[in-house]
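Overview (structure and organization)
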Amino acid sequence: MERNTADASGQFMTTDQGTRINDDQNSLKAGDRGATLLEDFILREKITHFDHERIPERIVHARGAGAHGYFEVYESMAPVTRAAFLQDPGKRTPVFVRFSTVAGFRGSTDLARDVRGFSVKFYTEEGNYDLVGNNIPVFFIQDAIKFPDLIHAVKPEPHNEIPQAASAHDTFWDFVSLMPESMHMIMWAMSDRAIPRSYRMMEGFGVHTFRFVNAKGKASFVKFHWKPKLGVHSVAWDEALKISGNDPDFHRRDLFDAIDHGDFPEWEFGVQIIPEGDEHKFDFDLLDPTKLIPEEQVPVQRIGRMVLNRNPDNYFAETEQVAFHPGHVVPGIDFSNDPLLQGRLFSYTDTQLSRLGSPNFHEIPINRPIAPVHNHQRDAHMRQTVDKGRVAYEPNTLGGGCPMQATFKDAGFVSYAERIDAKKVRARSPSFFDHFTQARMFLHSQSTPEYNHIVSALRFELGKVATPAIRQRMLFMLAQVDRELAAAVGVGLGMAVPKKIEGLLNQSIPADGDPKRFQPTPARDVPPSPALSMANTPKDSIETRQIAFLIADGFDSSDIATVRKALLAGGAQVKFVAPHLGQVAGSQDPVEADFSFLTCNSVLFDAIYIPGGRKSVDALKKIPDVGVFVTDAWRHCKAIGASGEADELLVGLPHGAGTKGKDPVNDRYGVVRAQGKATTAFAAALVQSIAQHRHWERETLA
Ligand code: HDE
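Residues numbered from 1 in each chain as written. Predicted model: local features only at pLDDT ≥ 70, side-chain atom pairs only at ≥ 80, totals over all residues. Heavy atoms only, no water.

So, the nonpolar core
Going by this rule: We call a set of buried residues a nonpolar core when its members are Ala, Val, Leu, Ile, Met, Phe, Trp, Tyr or Cys and they connect through side-chain atoms within 4.5 Å of each other. Relative accessibility decides the category of a residue: with a 1.4 Å probe and only protein chains considered, values under 20% of the type maximum give buried, values over 50% give exposed, and everything between is partly exposed. Only DSSP runs of H or I with at least four residues qualify as helices, and only runs of E with at least two residues qualify as strands; both kinds are numbered from the N terminus onward. Contact definition: two residues touch when any of their heavy atoms are within 4.5 Å.
Grouped together as the largest cluster of nonpolar side chains are 58 residues, with contacts concentrated most on Trp173, Leu478 and Leu485. If you list the elements that add at least two residues to this core, you get helix 2 (147-154), helix 3 (170-177), helix 4 (183-189), helix 9 (437-444), helix 10 (448-463), helix 11 (468-481) and helix 12 (483-493). For this core, the element with the most residues is helix 11, which contributes 8 residues. When sequence neighbours within four positions are dropped, the list of residues in contact with Trp173 reads Ser167, Ala168, Ile186, Met190, Leu458, Glu461, Leu462, Val465, Ile470 and Met474.

Overview of empty space enclosed by the protein
We count it as follows: In the cavity and pocket records, a cavity denotes points on a 1 Å grid over the protein atoms alone where a 1.4 Å probe fits but cannot get out, a pocket denotes an open set with protein on both sides within 12 Å along at least 5 of 7 lines, and lining residues are residues with an atom within 4 Å of a point. Grid points are joined across faces, edges and corners, and a volume is the space filled by probe spheres set on the points. Polar here means any residue other than Ala, Val, Leu, Ile, Met, Phe, Trp, Tyr, Cys and Pro, which are nonpolar, and Asp, Glu, Lys and Arg, which are charged; Gly is therefore polar.
Counted according to the given criterion, the structure contains 3 cavities of 30 Å³ or more. Empty space within the largest cavity amounts to approximately 150 Å³. Along the walls of the largest cavity sit 19 residues, with Pro137, Phe205, His225, Gln272 and Leu292 positioned nearest its centre. In terms of residues, the lining of the largest cavity owes the most to one element, strand 7 (residues 219-228), which gives 4 residues. Of the residues belonging to the lining of the largest cavity, the class tally is 10 nonpolar, 5 polar and 4 charged. What the second largest cavity holds in volume is close to 40 Å³. Lining of the second largest cavity is provided by Asn135, Arg193, Pro196, Met201, Met202, Glu203, Val232, His233 and Ser234. The residue makeup of the lining of the second largest cavity, split by class, is 4 nonpolar, 3 polar and 2 charged.

Some thoughts on unusual backbone geometry
The omega angle of the peptide bond from Glu394 to Pro395 is 5 degrees, so this bond is cis rather than trans. Relative to the elements of secondary structure, Pro395 occurs in the loop between helix 8 (339-355) and helix 9. Between Cys402 and Pro403 the backbone carries a cis peptide bond, its omega angle lying at -10 degrees. By the element assignment, Pro403 lies in the loop between helix 8 and helix 9. Positive phi outside glycine occurs at Ala165, with the angle close to 50 degrees. Within the secondary structure, Ala165 sits in the loop between helix 2 and helix 3. The backbone phi angle of Tyr669 is positive, close to 50 degrees, even though this residue is not glycine. Assignment of secondary structure puts Tyr669 in the loop between strand 18 (665-668) and strand 19 (671-674).

These figures capture arrangement, not role.
So, in structure tokens, the structure goes:
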């Protein structure tokens, strides 16, 4: 039973029992100055409900944002999988998606340096399928048994609960410096992938190798990918820090506003399919979650698309109560023996029991499958279903033998009958001990600015580590990936890279094991993978980008009209930022300011434009925030546009970027200026500059 409170106009207020309330302002008292009476069932019900409003937040991925949408496949995938939602191109499967950060608490900033969760619940006609992935294709650890250690290490330190939503502290790096297997993931986490511009501009990955199974029972291995239509983009680290102060809800707001505005975020669904017979053809183990399959080796086939077109009505009911589980699968999708995945298959139901409080969490509206549910599970806290009849067991005759088990042909889920002939051991396969080759491959696949950002991130993170021995161990570990990287980080820390640290690479040797067998193998050079660099993402669109127009009374109306027209035509959004809210007078018509310089900041926009107009430019010159707007936009490598007198606001920019050129339109390092009035050629050059996302080359100017 759902209560609709969205359209409650004309309804009387009631208690939870439906009794109409006559006074919601005063509690029941003995006289108007008297003590409050225990009898007041209305007060007690209201306060009791309030007292219990909070449920335990997720132990990881507590901070998130969600949206509804749909998925559709491009063509039938019947040759590889029998999953019904991957058969018919005409069919739209509803989805609910939740994006998240991992380490921070529920109220923490969106812009933490962190992995992002990317969970998709497909409400298929064969039951719910959850793809519970991340925006990074590998993970820190290889075996589920280390997950509590990893999370304890990264969460705020237990004695003082500091720092919030940050990995830059001793316990995290203490742990990582002793875990060579985490090095590949560390490269990703220290890259700009960990500070995305938007959830809408992130890739998603299933991480583990899964299985597809077709109608003949034939299986293949599969890796899952989400490719964002808008490309993969990140912010700058200094910007992330400032966004965290200016708008800690930046990603959440961005997703909500985009959908509200009709700019529906879209991803293509990609698969890398590996025939069962090729399981051992790679130089790493397909079951090892610290490895990826380079796209150049096994191409990602784009097999469908997902569109998010509806915001949740209620954050708690939907985004908070949604319960994902990698074990929610449908016929045609099965698991591999990845030891991290295997552990996850246990963890997610367990966590819902403590978080949502009952095994009936599947009855919460957001978790309900659209496929009918028939079984003999009964009762427990907050049961919603009113089960009829007296049969709650199987086998039975009194219920006509129903509900019945479904055969493979009846779309029953039949686990893939993988042959296993092995000893029961606590062990790790020797094929899991190449921890450095792919870390090095990732590093060597980055553009120069991306590489430099990794160095800076490591200098920052390790610079926040107070214990010198941890920094040293990390430098040694980084040197296993790449000596130059370690040396560059060492410069920032004022430390030499240690040549040897006794026993460090043997940490995971069990007392009775063979030490050689457990030693990580040295990094090998393998071909770089261009797909791993964000520099190679498409940069041909300004769709949904937020552009700040800095104006004051007296701005040039024709400048604004020309530039605005071009930006809106490209799908961007224009926001007017002025000394005050309300109307701002132009040379012709006034405009309404969206923000004042107090209520927004350069870091909240993708680019800025300043129109001409003597009076406007003179007024802007007197406002210190305007200077910061411009210098931050420069520092964060964003497109900057200026026309007419607005040139004067750019004179402080370094490397001659602010000096007036002779041509009608000048573009220096993404700073676009018009000699006089803004022309269509100027607007086109600005659009082109914004489409680049960032002009990182500015960082390397001497
Ligand atoms: Fe999770 N993880 N995880 N995880 N995970 C949870 O489940 C866990 C792992 C991921 O938006 C929890 O409902 C273990 C890898 C996402 O609601 C919990 C292990 C990947 C989300 C849990 C892992 C993920 C979670 C916390 C090691 C990438 C957010 C709340 C074996 C493929 C889902 C919850 C959402 C959430 C356990 C490792 C992704 C405690 C034990 C690898 C996106 O059950």
